Amino acid sequence: MVSKALLRLVSAVNRRRMKLLLGIALLAYVASVWGNFVNMSFLLNRSIQENGELKIESKIEEMVEPLREKIRDLEKSFTQKYPPVKFLSEKDRKRILITGGAGFVGSHLTDKLMMDGHEVTVVDNFFTGRKRNVEHWIGHENFELINHDVVEPLYIEGLAKRVGARLLLASTSEVYGDPEVHPQSEDYWGHVNPIGPRACYDEGKRVAETMCYAYMKQEGVEVRVARIFNTFGPRMHMNDGRVVSNFILQALQGEPLTVYGSGSQTRAFQYVSDLVNGLVALMNSNVSSPVNLGNPEEHTILEFAQLIKNLVGSGSEIQFLSEAQDDPQKRKPDIKKAKLMLGWEPVVPLEEGLNKAIHYFRKELEYQANNQYIPKPKPARIKKGRTRHS
Ligand SMILES: O=c1ccn([C@@H]2O[C@H](COP(=O)(O)OP(=O)(O)O[C@H]3OC[C@@H](O)[C@H](O)[C@H]3O)[C@@H](O)[C@H]2O)c(=O)[nH]1
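The structure reproduced in this document is the subject of the present report. Note that the coordinates shown come from a computational prediction; the quantities given were computed from them, not determined experimentally.

### A word on the overall build of the protein
Check the secondary structure of the protein and you find nine helices and 12 strands. Across the 390 residues of the protein, 38% fall into the buried class. Pairs at least 24 residues apart make up 80% of the contacts formed inside the protein by residues separated by at least 6 positions. Surface exposure of the protein reaches about 23,600 Å², of which carbon and sulfur atoms provide 58%.

### Some words on the side chain of Thr231
Inspection of the secondary structure assignment puts Thr231 in strand S6 (residues 231-232). A residue is classified by how much of its surface remains accessible, and Thr231, at 10% relative accessible area, is buried. Separated by 2.7 Å, the side chain of Thr231 and the backbone oxygen of Phe229 make a polar contact. There is a polar contact of 3.1 Å between the side chain of Thr231 and the side chain of Gln270. Ignoring any residue separated from it by four or fewer positions in sequence, one finds Thr231 in contact with Phe104, Met236, Gln270, Tyr271, Val272 and Leu275.

### Thoughts on the environment of Gly139
Turning to its location among the elements, Gly139 is positioned in the loop between strand S2 (119-124) and strand S3 (143-147). For the pair formed by Gly139 and Tyr82, sequence separation is 57 residues and the distance between their alpha carbons is 9.3 Å.

### So, the packing of aromatic side chains
According to the stated counting rule, one finds six aromatic pairs in the structure shown. Ring geometry for Tyr176 against Tyr188: centres 6.0 Å apart, planes inclined by 20°, an arrangement best described as stacked. Of this pair, Tyr176 sits in the loop between strand S4 (166-172) and helix H4 (199-219) while Tyr188 sits in the loop between S4 and H4, and the two are 12 residues apart along the sequence. Side by side, Tyr176 and Tyr188 carry an identical accessibility label, which is buried. Where Tyr360 meets Phe361, the ring centres are 5.4 Å apart and the plane angle is 70°; that geometry is what we call edge-to-face. On the basis of relative accessibility, which here comes to 13%, the residue Tyr360 falls in the buried class. Residue classification places Phe361 among the buried positions, given a relative accessible area of 0%. Here the aromatic residues Tyr176, Tyr188 and Phe229 are joined through ring pairs into a cluster of three or more. A cation over an aromatic ring shows up here: Lys131 above the ring of Phe126, its NZ or CZ 5.0 Å from the ring centre.

### Observations regarding the sheet that holds strand S10 (residues 291-293)
Reading across the sheet, the three strands line up as S4-S5-S10 and stay open at both edges, with parallel pairing between neighbours. Unpaired on one side and paired on the other, S4 and S10 mark the two borders of the sheet. Looking at each pair of strands side by side, their axes are set apart by 30° on average, direction ignored. Sheet topology note: the strand S5 (residues 222-228)/S10 ladder contains three bridges and is parallel.

### Quick word on the nonpolar core
With 55 residues, the main nonpolar core has Phe232 and Leu293 as its most contacted residues. Among the elements that take part in this core, helix H9 (residues 350-370) stands out by supplying seven residues, more than any other. Non-local contacts of Phe232, meaning those with residues more than four positions away in its chain, are made with Phe104, Val244, Phe269, Gln270, Tyr271, Val272, Leu350, Gly353, Leu354 and Ala357. Ala160, Val221, Val223 and Val225 belong to the second-largest nonpolar core, a separate cluster that totals eight residues.

### Points about the environment of Leu97
Inspection of the secondary structure puts Leu97 in strand S1 (residues 95-99). Judged by its relative accessible area of 35%, Leu97 falls in the partly exposed class. Setting aside chain neighbours within four positions, we find Leu97 in contact with Thr121, Val123, Ile156 and Leu159.

### Quick notes on the site of the ligand
The ligand sits among 21 residues. The nearest are Thr172, Arg198, Thr258, Arg267 and Asp327. Separating an oxygen atom of the ligand from a side-chain N or O atom of Arg242 is a distance of 3.0 Å. The fraction of the free accessible surface of the ligand (660 Å²) that becomes covered by protein chains is 95%. Those elements that place two or more of their residues in the shell around the ligand are helix H5 (243-252) and strand S7 (257-260).

### Points about H5
Burial analysis of H5 places eight of its 10 residues in the buried class, which makes it a mostly covered element. Looking at H5, one finds that the buried residues are Val244, Ser245, Asn246, Phe247, Ile248, Leu249, Gln250 and Ala251. Lining the buried residues of H5 we find S6, S7, helix H7 (301-312) and H9. Downstream of H5 by one or two residues, Gly254 has phi in the positive range, about 65°.

### Observations regarding the sheet that holds S3
Strand order in the open sheet formed by three strands is S1-S2-S3, with parallel pairing between adjacent strands. The two strands at the open ends of the sheet, each matched to only one other strand, are S1 and S3. The mean inter-strand angle of the sheet, taken between neighbouring strand axes irrespective of direction, is 15°. Where S1 meets S2, five bridges bridge the pair, whose relative direction is parallel. Residue pairing in the sheet places Ile96 in a bridge with Val120 of S2. Strands S1, S2 and S3 of the sheet are contacted by helix H2 (residues 104-115), whose axis makes an angle of about 170° with S1.

Rules of the game
Residues numbered from 1 in each chain as written. Predicted model: local features only at pLDDT ≥ 70, side-chain atom pairs only at ≥ 80, totals over all residues. Heavy atoms only, no water. Helix = DSSP H or I, 4+ residues; strand = E, 2+ residues; numbered from the N terminus. Buried < 20%, exposed > 50% of the residue type's maximum accessible area, 1.4 Å probe, protein only. Contact = heavy atoms within 4.5 Å. Areas by Shrake-Rupley, 256 points an atom, 1.4 Å probe, with all protein chains shown as cover. Polar contact = N/O pair within 3.5 Å; in protein donor to acceptor, adjacent residues only side chain to side chain. Phe/Tyr/Trp six-rings, centres within 6.5 Å; stacked < 30°, edge-to-face > 60°. Lys NZ or Arg CZ within 6 Å of the ring centre and 35° of its normal. Pairing = 2+ DSSP bridges. Axes fitted to C-alpha atoms, helices over the stretch in contact; angles between N-to-C directions. Core = buried A, V, L, I, M, F, W, Y, C linked by side-chain atoms within 4.5 Å. Near = heavy atom within 4 Å.

Below, the structure written as structure tokens:
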């Protein structure tokens, strides 16, 4: 009896326990299903979110890449690679000041002297010179660029005296004026109209020579005087109205090549690197009297127009304008002195030099067109003439 009652009690307890256990198991099951569900939806959400994030990231990446590219370019320009420069000992390294050193001839001279290992200071007022002509040296330890107008007193001659420097005057074949002697040698005194339209330039250079030699005699300053004949090459100013830049720009843009007068006047053109080598040879010499630097290969201006037209492959016409006043009718350097005393003579053939100049002007036109500025060759000298056949 007791045992039966005991059994009922145990089984009742067990049933309750079983129910409890079953309840707990059910709860655990529901919890696990819910957990999985929550987990799954979390994962789902996450993958949607990750997907979205990936898309945004790749969009950002797309936008940022060009900026990174720009930064890399900028970094490259900061860690600028300069043209190769020779090492010169303290004894051989010179400190050279070039006035107008950002101009056409000046910037080529700057390149040569920098690459030879000298310390170069360029002074320019950037009227016709351009920073672009020397920008590849900016930041170099041997290079200094000063924005200054030498018309304001910098007293180049005084400076030369103070530091015991040698002074180079870039004089010109224009000191011979419209010459009555042909070819022109250094002992010819010239034929300049002192009140004509070219007088300021011609007489200005003649006075500069006079001052240099007076200074040499009075103050003992060493001077070198180069009489530079017509020179051309890359970095010529596009709008200076000179025949080489005018003809090349006109030919490249399919405009008429403007010949002043009949075109029978002659000139002899030297390539700029020949001139620069001549200037350096002169500075290193002990020749203190004037020296002609030019290429004696003489052409008429009409021949020259046809040559440029052919080299460019241009269909431009040749247009004859009236003659420029006091235009020298013949010009050709006698370079015996330079050959003998400097061991110098030009070596760049005319066509080779012209092709380099044409390449330069073509690039300049592209560059300016990309900057939304399309230049016309400026008829700076047209003031001297008007159309003959209009
Ligand atoms: O469009 C043109 C430009 C020029 N010319 C002619 O081409 C010849 C050369 O003229 P440029 O203006 O190029 O040069 P120029 O010989 O007159 O003077 C030059 O010579 C020596 C340098 O020192 C001077 O700086 C430079 O002006 C001149 O006969 C001129 O009349 C043209 O027929 N058409």
